[in-house]
Structure formats: C-alpha cells, structure tokens
Amino acid sequence: DGGITQSPKYLFRKEGQNVTLSCEQNLNHDAMYWYRQDPGQGLRLIYYSQIVNDFQKGDIAEGYSVSREKKESFPLTVTSAQKNPTAFYLCASRHSGSSYNEQFFGPGTRLTVL
Amino acid sequence: AQSVTQPDIHITVSEGASLELRCNYSYGATPYLFWYVQSPGQGLQLLLKYFSGDTLVQGIKGFEAEFKRSQSSFNLRKPSVHWSDAAEYFCAVGPPPFGNEKLTFGTGTRLTIIP
C-alpha cells in the first residue's frame, strides 16, 4: 500500500540533544513538508522541499534542519537550538505535477523533551 | 498574505443532529480550499477540496462544504453526525498548483458528540 510513514511514533529526548525524525513516502510525490502542531495553534510549516536536494524554510524554521537526498525521504532534525521542541510533528507530501495540490499526511511523531 | 479563521474552538452536538463548522479565509486570488479531519494522535485525512466549478462539494464520510465567495467562507456540513465523527477538523487555503505550494491551516475545531 502506498503511503507516508513516520518513525518513531513517540520520541523522548533530553535537553541539549539533537534528534532526527524520519519521514518516508512511496507515493512518488515530488514535494514534501514538515509541520509542527501544538494545542490550539493548528499546523505550522517548518520546512518544505519541492525537489531532491532543494528545500525552503517555512514559517518556524529556527532550530530545525532538513535534508532531501532521496525523493522518498525527508528527515527532520530538531536541534538543541529549538527552545521549545515538545510537540506533535507531521510530515506530508504532494504530487507537484498534479492539477490538485492537496497534501497527504503521515501518522505523526510526538516528541517530548525531558 | 493568506489566512484562515475557524471561529469555533470546540463544538458539541448530539448524535444524529446536523453539524456546521465555520471557516473564513483571506486570499488575494481564487483560493484552493480544503477540509481535513484528525483523530486523536493521528495524521490528517482529507475530507474534501474545492478548486472551481460547483460551489457545493461533496466529500467522504457524508460531509459537504459550500464555497461562498461573497462571504469568504467555506463551511463544512453534515446532516446527521455519528459518534465516529468526533475528531478535530481543519480548514486550509492554498495557492493554485505550481505556485509556492504552501497551505495555510486554521487553528482547528474540536468536535465532541454526545449520545
């Protein structure tokens, strides 16, 4: 079955540590996105990538980094510079060549900083 | 800049009752509009989308939404809710394809269903 997978589902980290969240898709989508979700704030865009080896900052990129070495993969690193990293992180993808631009979402990773 | 407002943070309805969730948008051109649903601890699932044409669009799970340009609204409706509809609902607006591809989401409306 085609879809988006995120791992792990739950992640705990100590303050000062970097942590990487995985996002993989087998939908052959060109564009991929990372969102952060906090209660009452909806989804906020962290980074997005429209093609391999290229990505752009979203609205809240500070303290995060990404890479796009493969079409299928778009890992997000939460660095120690992110002041309040505890949140639910959602990855999404979209087929850029389509006349429709809806995004498809993964199941999310809940990150908790101890 | 594009924006989305969902004025109701939390709505409670009885099972079998009708439902309307409000969404107002701000966008400088023809908007592309979406409704997504999220169950607790899960990702988002697309309910329906509007790009052009008939202003009343049908989606999955018996939901529909009506685009009203004069009111800048895209309200979601369902004639009779089921307990399984309890979830959080997000409205989103975006540019035409091949634009900057960024969707803007509202802050969501949490729906509670009572027996």
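Predicted, not measured: the structure shown is a model, and the values here were computed from it.

Engineer: What am I meant to see in the packing of aromatic side chains here?
Structural biologist: What characterises a pair of aromatic rings is the spacing of the ring centres plus the angle enclosed by the ring planes. Residues and elements named next belong to chain B. Counted by the stated rule, this structure contains 16 aromatic pairs over all chains. Taking the centre distance of 4.4 Å and the plane angle of 40° together, the rings of Tyr 32 and Phe 51 count as tilted. Taken together, the residues Tyr 32 in strand S5 (residues 32-38) and Phe 51 in the loop between strand S6 (44-50) and strand S7 (56-58) connect sequence positions 19 residues apart. In this structure Tyr 32 comes out as buried when scored by relative accessible area, which is 15%. Overall, Phe 51 belongs to the buried group, its relative accessible area being 12%. Taking the centre distance of 4.5 Å and the plane angle of 25° together, the rings of Tyr 50 and Phe 67 count as stacked. One end of the pair, Tyr 50, is in strand S6; the other, Phe 67, is in strand S8 (residues 64-68), and 17 residues separate them in sequence. Given a relative accessible area of 4%, Tyr 50 falls into the buried group. In this structure Phe 67 comes out as buried when scored by relative accessible area, which is 4%.

Engineer: Looking at this structure, I do not really get the interface of chain B and chain A. What am I missing?
Structural biologist: A common way to report how large an interface is uses the accessible area buried once the components associate. Taken together, the 23 residues of chain B in the interface contact 27 residues of chain A. Summed over both partners, the interface of chain B with chain A buries about 2000 Å², with 52% contributed by carbon and sulfur atoms. The salt bridge partner of Lys49(B) is Glu102(A), with a shortest N-O separation of 2.8 Å. For the pair chain B and chain A, the number of links is four residue pairs in polar contact (both at pLDDT 80 or more). Here the side of chain B that touches chain A takes four residues from S5(B), the largest share from any one element. Here the residues of the side of chain B that touches chain A are counted per class, giving 13 nonpolar, seven polar and three charged.

Engineer: Got a minute to help me understand the state of the cysteines in this structure?
Structural biologist: Cysteine pairs can be linked by a disulfide, which is a covalent bond between their two sulfur atoms. By the definition in use, this model includes two disulfides over all chains. Paired through a disulfide, Cys23(A) and Cys91(A) show a sulfur-sulfur distance of 1.8 Å. On the sign convention where negative is left-handed, the bridge of Cys23(A) and Cys91(A), at about -70° about the S-S bond, is left-handed. Placement of the pair is Cys23(A) in strand S3 (residues 19-25) and Cys91(A) in strand S9 (residues 87-94), with a sequence separation of 68 residues. In this model Cys23(B) forms its disulfide with Cys91(B); the gap between the sulfur atoms is 2.0 Å. Because the torsion about its S-S bond is -65°, the bridge between Cys23(B) and Cys91(B) counts as left-handed. Placement of Cys23(B) in the loop between strand S3 (19-21) and strand S4 (24-26) and of Cys91(B) in strand S10 (residues 87-94) is noted, with a sequence separation of 68 residues between them. Overall, Cys23(B) belongs to the buried group, its relative accessible area being 0%.

Procedures and definitions
- Residues numbered from 1 in each chain as written.
- Chains lettered and ligands numbered in written order.
- Predicted model: local features only at pLDDT ≥ 70, side-chain atom pairs only at ≥ 80, totals over all residues.
- Heavy atoms only, no water.
- Phe/Tyr/Trp six-rings, centres within 6.5 Å; stacked < 30°, edge-to-face > 60°.
- Helix = DSSP H or I, 4+ residues; strand = E, 2+ residues; numbered from the N terminus.
- Buried < 20%, exposed > 50% of the residue type's maximum accessible area, 1.4 Å probe, protein only.
- Contact = heavy atoms within 4.5 Å.
- Buried area = accessible area lost by both parts, 1.4 Å probe.
- Salt bridge = Lys/Arg side-chain N within 4 Å of Asp/Glu carboxyl O.
- Polar contact = N/O pair within 3.5 Å; in protein donor to acceptor, adjacent residues only side chain to side chain.
- Nonpolar A, V, L, I, M, F, W, Y, C, P; charged D, E, K, R; others polar.
- Disulfide = S-S within 2.5 Å.

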